[in-house]
Amino acid sequence: AQSVTQLGSHVSVSEGALVLLRCNYSSSVPPYLFWYVQYPNQGLQLLLKYTSAATLVKGINGFEAEFKKSETSFHLTKPSAHMSDAAEYFCAVSDQGAQKLVFGQGTRLTINP
Amino acid sequence: GAGVSQSPRYKVAKRGQDVALRCDPISGHVSLFWYQQALGQGPEFLTYFQNEAQLDKSGLPSDRFFAERPEGSVSTLKIQRTQQEDSAVYLCASSPPNQQETQYFGPGTRLLVL
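Everything in this summary refers to the structure shown in the same document. Fair warning: this is a prediction, and the values are worked out from it, not measured in the lab.

## Notes on the overall build of chain B
Right, so step 1: Within chain B, the regular secondary structure consists of 0 helices and 11 strands.
Right, so step 2: Seen in sequence order, chain B has helices and strands lined up from the N terminus as β-β-β-β-β-β-β-β-β-β-β.
Right, so step 3: Expressed as lengths along the three principal axes of its C-alpha atoms, the size of chain B is roughly 40 × 25 × 25 Å.
Right, so step 4: Counting the 114 residues in chain B, one finds 47% classified as buried.
Right, so step 5: In chain B, 52% of the contacts between residues at least 6 apart in sequence involve partners at least 24 apart.
Right, so step 6: Accessible surface, chain B as shown: approximately 5600 Å² in total, 47% of it carbon and sulfur.
Right, so step 7: Averaged over its 11 positive side-chain charges, chain B has a centre that lies 9 Å from the centre of its 11 negative ones.

This is the structure:
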């Protein structure tokens, strides 16, 4: 069975600082991996996805993530945090194709001025 | 273009009432998913349709939950005899035929059972 672990339910960084949100996955088959962002009272918006092409994936709003098979990780980074990045972030895994997503518990990102 | 829409956005029900939640996917999207998101948790899969066929309903928590998509477009999630533990946000997502791995989410319906 697939699973996702997000280390740190809350992360707080200063504006302009590096953002690092951690995600580790478990999957018995080559996975597809995703990062979604959720703003209050809204649905999930796709930030980026890994679908077995390049291991370094660039997404919207300056975010990127690197797939590391040896570490079963897919950490999300952004070089310089902006106040508008404050939100809940979810890592998710699926089997290849049109399959259900298995989500982590989420990480709430707070940006300090 | 228009995204996934869901209605109602908020629903308050008394315990024991039946509720129906609607999802309008993006036009042309053949795959449709329902998820349940409890407070402070990640979404959890409920069920999946490809066109009108319900291909996976393994996540439905009990036989009180029922989903349909009779014409392969709009979908309805019905919860019978609601219980307090059904209180959650119900998210709908759809994906296009040429990018089936990418799910586009609606804003969700927040259900509160009193």
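Having seen the structure, we can now continue with the description.
## Concerning the side chain of glutamine 38 of chain A
Right, so step 1: Along the chain, glutamine 38 of chain A falls in strand β4 (residues 32-38).
Right, so step 2: Reaching out from glutamine 38 of chain A, the side chain makes a polar contact with the backbone oxygen of glutamine 42 of chain A at a distance of 3.0 Å.
Right, so step 3: In contact with glutamine 38 of chain A, not counting residues within four places along its chain, are Gly43, Leu44, Ala87, Glu88 and Phe90 of chain A together with Gln37 of chain B.

## As for the interface of chain A and chain B
Right, so step 1: Contacts between the two partners involve 20 residues from chain A and, on the opposite side, 24 residues from chain B.
Right, so step 2: The junction of chain A with chain B conceals about 1600 Å² of combined surface from both sides, 51% of it contributed by carbon and sulfur atoms.
Right, so step 3: Where chain A touches chain B, the interface holds 1 salt bridge.
Right, so step 4: For glutamate 101 of chain B, the salt bridge identified is with lysine 49 of chain A, shortest N-O distance 2.8 Å.
Right, so step 5: At the boundary of chain A and chain B, one finds 9 residue pairs in polar contact (both at pLDDT 80 or more).
Right, so step 6: Those elements that place two or more of their residues in the side of chain A that touches chain B are β4 and β5 (44-50) of chain A.

## Topic: the pairing of β5 of chain A
All names here are of chain A.
Right, so step 1: When β4 meets β5, the two strands line up antiparallel, connected through 6 bridges. The residue bridging leucine 33 from the neighbouring strand is tyrosine 50, located in β5.
Right, so step 2: Connecting β4 to the antiparallel partner β5 that follows it, the hairpin turn spans 5 residues, and asparagine 41 within it adopts a positive phi of roughly 60°.

## A short note on the pattern of salt bridges
All names here are of chain B.
Right, so step 1: Evaluated as defined, the whole model comprises 7 salt bridges over all chains.
Right, so step 2: Aspartate 24 is paired through a salt bridge with arginine 22; the nearest N and O atoms lie 2.7 Å apart.
Right, so step 3: Take arginine 22: its relative accessible area is 38%, and that puts it in the partly exposed class.
Right, so step 4: We note a salt bridge from glutamate 68 to lysine 78, for which the minimum N-O separation is 3.3 Å. Of this pair, glutamate 68 sits in strand β7 (residues 65-68) while lysine 78 is found in strand β8 (residues 75-79), placing the two residues 10 residues apart along the sequence.

## A word on the packing of aromatic side chains
Residue and element names in this part refer to chain A.
Right, so step 1: Taken as a whole and assessed by the stated rule, the structure comprises 14 aromatic pairs over all chains.
Right, so step 2: A centroid spacing of 5.9 Å and a plane angle of 25° characterise the contact between tyrosine 25 and phenylalanine 67, whose relative ring orientation is stacked. Of this pair, tyrosine 25 sits in strand β3 (residues 19-26) while phenylalanine 67 is found in strand β7 (residues 64-68), placing the two residues 42 residues apart along the sequence. Neither residue differs from the other here; tyrosine 25 and phenylalanine 67 are each classed as buried.
Right, so step 3: Ring geometry for tyrosine 36 versus phenylalanine 103: centroids 6.0 Å apart, planes at 55°, classification tilted. Placement of the pair is tyrosine 36 in strand β4 and phenylalanine 103 in strand β10 (residues 102-103), with a sequence separation of 67 residues.

## Side note on the sheet that holds β8 of chain B
Across a sheet, paired strands are connected by hydrogen bonds in the backbone, their directions being either parallel or antiparallel.
Residue and element names in this part refer to chain B.
Right, so step 1: Strand order in the open sheet made by the 4 strands is β1-β3-β8-β7, with antiparallel pairing throughout. Bordering the open sheet on either side are β1 (5-7) and β7, each of which pairs with just one other strand. Going across the sheet, the axis of each strand differs from the next one's by a mean of 15°, ignoring polarity.
Right, so step 2: By the bridge criterion, 3 bridges tie β1 to strand β3 (residues 19-24) in an arrangement that is antiparallel. Bridge assignment links glutamine 6 to a residue of β3, and that residue is cysteine 23.

What counts and what doesn't
- Residues numbered from 1 in each chain as written.
- Chains lettered and ligands numbered in written order.
- Predicted model: local features only at pLDDT ≥ 70, side-chain atom pairs only at ≥ 80, totals over all residues.
- Heavy atoms only, no water.
- Helix = DSSP H or I, 4+ residues; strand = E, 2+ residues; numbered from the N terminus.
- Buried < 20%, exposed > 50% of the residue type's maximum accessible area, 1.4 Å probe, protein only.
- Contact = heavy atoms within 4.5 Å.
- Areas by Shrake-Rupley, 256 points an atom, 1.4 Å probe, with all protein chains shown as cover.
- Lys, Arg positive; Asp, Glu negative; His and termini not counted.
- Charge placed at Lys NZ, Arg CZ, Asp CG, Glu CD.
- Polar contact = N/O pair within 3.5 Å; in protein donor to acceptor, adjacent residues only side chain to side chain.
- Buried area = accessible area lost by both parts, 1.4 Å probe.
- Salt bridge = Lys/Arg side-chain N within 4 Å of Asp/Glu carboxyl O.
- Pairing = 2+ DSSP bridges.
- Phe/Tyr/Trp six-rings, centres within 6.5 Å; stacked < 30°, edge-to-face > 60°.
- Axes fitted to C-alpha atoms, helices over the stretch in contact; angles between N-to-C directions.

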